[in-house]
Amino acid sequence: MLVYMTISLNEHLILGILTEGPQHGYRIEQIIAERGMRQWSEVGFSSLYYILDKLEKKGLAISKASIGKEKKEYQITTQGKEVLKQATYELICQRKPANTHLMTALATSFSLDDDEFVAALLQRKENLEADLAAMRHIAKRSQHNTPIAQRLFHLGQVLLAAELEWINQEIIAYQGGKTRDI
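These numbers were taken from a predicted model, which means no experiment stands behind them.

Enquirer: Can you help me understand a negative patch on the surface in this one?
Expert: A cluster of acidic residues, Asp113, Asp114, Asp115 and Glu116, forms a negative patch at the surface. Mapping Asp115 onto the fold places it in helix H6 (residues 114-141).

Enquirer: What is the right way to read the layout of surface pockets from this model?
Expert: To find leftover empty space, one rolls a probe the size of a water molecule over the atoms. Approximately 180 Å³ is the volume attributed to the second largest pocket. What lines the second largest pocket is simply His101, Leu102, Ala105, Leu106, Thr108, Ser109, Leu112, Phe117, Ala120, Leu121 and Arg124. Within the residue set of the lining of the second largest pocket, elements represented by two or more residues are helix H5 (100-107) and H6. Per-class residue counts for the lining of the second largest pocket are 7 nonpolar, 3 polar and 1 charged.

Enquirer: What am I meant to see in a nonpolar patch on the surface here?
Expert: A cluster of nonpolar side chains, Tyr26, Phe45 and Tyr49, forms an exposed patch at the surface whose accessible area comes to about 320 Å². Within the secondary structure layout, Tyr49 lies in helix H3 (residues 45-57).

Enquirer: Before we go on, may I ask you to explain the packing of aromatic side chains in this structure?
Expert: Applying the stated criterion to the full structure yields 2 aromatic pairs. The interplanar angle of 55° and the centroid separation of 4.7 Å between the aromatic rings of Phe117 and Tyr174 together place this pair among those described as tilted. Placement of the pair is Phe117 in helix H6 and Tyr174 in helix H7 (residues 147-174), with a sequence separation of 57 residues. Residue classification places Phe117 among the buried residues on the basis of a relative accessible area of 7%.

Enquirer: Got a minute to help me understand the packing of H6 against H7 in this structure?
Expert: Angle between the axes and distance between the axes: these two values describe a pair of packed helices. At their nearest, the axes of H6 and H7 sit 9 Å apart, and the two run at 155° to each other. Judged by the angle between their axes, H6 and H7 are roughly antiparallel. Judged by the twist between their axes, the crossing of H6 over H7 is left-handed. A class-by-class count of the residues in the contact of H6 with H7 yields 16 nonpolar, 3 polar and 8 charged.

Enquirer: Sorry, what's going on with the sheet that holds strand E1 (residues 23-24) here?
Expert: Within a sheet, adjacent strands bond to each other through the backbone by hydrogen bonds, running parallel or antiparallel. Read from one edge to the other, the open sheet built from 3 strands follows the order E1-E3-E2, with strand pairing classed as antiparallel. Each edge of the open sheet is held by one strand with a lone partner, namely E1 and strand E2 (61-64). Bridge count between E2 and strand E3 (residues 73-76): 4 bridges; the pairing is antiparallel. Note on E3: the bridge partner recorded for Lys64 is Glu73. Against the sheet, H3 makes contact with E2 and E3, and its axis sits at roughly 110° relative to E2, the strand it touches most.

Enquirer: Sorry if this is basic, but what is going on with the packing of helix H1 (residues 9-18) against helix H4 (residues 78-93) here?
Expert: One way to put it is that H1 packs onto H4 with a least axis distance of 10 Å and a crossing angle of 120°. The angle between the axes of H1 and H4 places the two elements in the oblique class. Judged by the sense of rotation from one axis to the other, the crossing of H1 with H4 is left-handed. Seen from H1, the contacting residues are Leu9, His12, Leu15 and Gly16; seen from H4, they are Gly80, Leu84, Ala87, Thr88 and Leu91. Looking at the contact of H1 with H4, its residues break down into 5 nonpolar, 4 polar and no charged.

Criteria and thresholds
Residues numbered from 1 in each chain as written. Predicted model: local features only at pLDDT ≥ 70, side-chain atom pairs only at ≥ 80, totals over all residues. Heavy atoms only, no water. Patch = residues over 30% accessible without salt bridge, like charges linked within 9 Å, V, L, I, M, F, W, Y side chains within 5 Å. Areas by Shrake-Rupley, 256 points an atom, 1.4 Å probe, with all protein chains shown as cover. Salt bridge = Lys/Arg side-chain N within 4 Å of Asp/Glu carboxyl O. Lys, Arg positive; Asp, Glu negative; His and termini not counted. Charge placed at Lys NZ, Arg CZ, Asp CG, Glu CD. Helix = DSSP H or I, 4+ residues; strand = E, 2+ residues; numbered from the N terminus. 1 Å grid on protein atoms, 1.4 Å probe; cavity = no way out; pocket = protein on both sides within 12 Å on 5 of 7 lines; lining within 4 Å. Points joined across faces, edges and corners; volume = space filled by probe spheres on them. Nonpolar A, V, L, I, M, F, W, Y, C, P; charged D, E, K, R; others polar. Phe/Tyr/Trp six-rings, centres within 6.5 Å; stacked < 30°, edge-to-face > 60°. Buried < 20%, exposed > 50% of the residue type's maximum accessible area, 1.4 Å probe, protein only. Axes fitted to C-alpha atoms, helices over the stretch in contact; angles between N-to-C directions. Parallel < 35°, antiparallel > 145°, perpendicular 65-115°, else oblique. Left-handed = near helix turned anticlockwise from the far one by under 90°. Pairing = 2+ DSSP bridges. Contact = heavy atoms within 4.5 Å.

Right, dumping it as structure tokens:
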């Protein structure tokens, strides 16, 4: 019987990448960048090797010793696969806010006057539109046309489009119902 083990979202993401096959740290970084994961994850290049080390210490990943200038290669263990499977199931079942930063800001938006709030929404809208365009571009040219990558790109696009629609409605509401070309 597998003992329950908690893993961070960053550890979870790295284990998921390792299920695709043994990877060097630099290649993991490339996969994160190519798939646009940097937009929704907090895995930084500087923390990648720290996370890989933690996964090794937990027995969830192992590495082959490198010789000379050869890069160290990591792979997921059997226990890592089981922990990943359990954690994935739980994350899909749970409902947690996908946008905790925005939700926190909305809870304290009373600190802004209407003009400041609309200005912040307009800036967020501009950022979201740029992210959506970039995501569509990456999805079209992506070499990662696996079902998982396609699912991630599709969900990301749907969520961005839904948030853009919400922002447009909020802006109209704060402008006194006046329709503006936004």
